[in-house]
Amino acid sequence: MWYAIEGFDGQDVLPQRQQARPAHLARLHALRDAGRLLLAGPCPAIDAEDPGPAGFSGSIVIAEFDSLEEARAWAEADPYVAAGVYARVEVRPFRKVLP
């Protein structure tokens, strides 16, 4: 089943985000390579493609897991969690309808 994972950035965490990004992306690439990633990306903190020093308000990942517990465990092991980037993470089932 698909699960939506939404991480919400804490305050002033852009340096930690930048440092943890390679490890974060490596995990996403592994999901993609296994055919389990629907989409992933950050949410700019301002209305701009490149928010610059404003940074990001969080990230969204939609990926396939065997259970909600597995999706939560994967989310909790994210390098952004370990680096203190995310103040909180929400995981919930997702049903793709379109396209």
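A quick note: this is a predicted structure, and the numbers were derived from the prediction, not measured. (Residues numbered from 1 in each chain as written. Predicted model: local features only at pLDDT ≥ 70, side-chain atom pairs only at ≥ 80, totals over all residues. Heavy atoms only, no water.)

S.K.: When you look at the overall build of the chain in this model, what are you seeing that I'm missing?
M.R.: Along the chain, the regular secondary structure elements total 3 helices and 4 strands. For the chain, whose C-alpha radius of gyration is 13 Å, the value lies close to the compact-globule estimate of 13 Å for 99 residues. For the chain, the spread of C-alpha atoms along the principal axes amounts to about 35 × 30 × 25 Å. Within the chain, buried positions represent 30% of all 99 residues. (Helix = DSSP H or I, 4+ residues; strand = E, 2+ residues; numbered from the N terminus. Rg over C-alpha atoms; globule rule 2.2 N^0.38 Å. Buried < 20%, exposed > 50% of the residue type's maximum accessible area, 1.4 Å probe, protein only.)

S.K.: Which parts of the structure should I look at to understand the packing of aromatic side chains?
M.R.: The geometry of two aromatic rings is summed up by the distance between their centres and the angle between their planes. Taken as a whole and judged by the stated rule, the model has 3 aromatic pairs. With a centroid separation of 6.5 Å and 55° between ring planes, the pair formed by Tyr-3 and Phe-65 is classed as tilted. With Tyr-3 in strand β1 (residues 2-9) and Phe-65 in the loop between β3 (56-64) and α2 (68-76), this residue pair connects regions lying 62 residues apart in the sequence. Tyr-3 sits in the buried class, given a relative accessible area of 5%. Arranged with centres 5.5 Å apart and planes meeting at 90°, the rings of Tyr-80 and Tyr-86 form a pair that is edge-to-face. When its relative accessible area of 2% is taken as the criterion, Tyr-80 is described as buried. A cation over an aromatic ring shows up here: Arg-27 above the ring of Trp-74, its NZ or CZ 4.1 Å from the ring centre. Across the ring face of Phe-8, the terminal group of Arg-88 is positioned such that the distance to the ring centre comes to 3.8 Å. (Phe/Tyr/Trp six-rings, centres within 6.5 Å; stacked < 30°, edge-to-face > 60°. Lys NZ or Arg CZ within 6 Å of the ring centre and 35° of its normal.)

S.K.: Just checking my understanding: could you explain the environment of Val-85 for this structure?
M.R.: Relative to the helices and strands, Val-85 resides in the loop between α3 (79-82) and β4 (86-94). For Val-85, a relative accessible area of 0% puts it in the buried group. Sequence separation of Val-85 and Gln-16 is 69 residues, and the distance between their C-alpha atoms is 6.2 Å. Ignoring anything within four residues of it in the chain, the contact list for Val-85 reads Phe-8, Asp-9, Gly-10, Val-13, Gln-16, Arg-17 and Tyr-80. (Contact = heavy atoms within 4.5 Å.)

S.K.: For this particular structure, what's the right way to read the pairing of β3?
M.R.: Residues in a regular strand project their side chains so that they alternate between the two faces of the sheet. With 7 bridges connecting them, β1 and β3 associate as antiparallel partners. Among the inter-strand pairings, Gly-7 is bridged to a residue of β3, identified as Ser-59. Pairing of strand β2 (residues 37-44) with β3 involves 7 bridges; the strand directions are antiparallel. Its bridge partner being in β3, Leu-39 is matched across the sheet by Ile-62. (Pairing = 2+ DSSP bridges.)

S.K.: Would you take a moment to explain the nonpolar core for this structure?
M.R.: Soluble globular proteins tend to pack their nonpolar side chains together in the buried interior. Formed by Tyr-3, Ile-5, Leu-28, Leu-31, Val-61, Ala-63, Phe-65, Ala-71, Trp-74, Ala-75 and Val-91, the largest nonpolar core amounts to 11 residues. Contributions of two or more residues to this core are made by β1, α1 (14-33), β3 and α2. For this core, the leading source of residues is α2, giving 3 residues. Residues contacting Phe-65, with those up to four places away along its chain left out, are Met-1, Tyr-3, Ile-5, Leu-31, Arg-36, Glu-70, Ala-71 and Trp-74. Judged by nonpolar contacts, the second largest core, of 5 residues, contains Val-13, Ala-20, Tyr-80 and Tyr-86. (Core = buried A, V, L, I, M, F, W, Y, C linked by side-chain atoms within 4.5 Å.)

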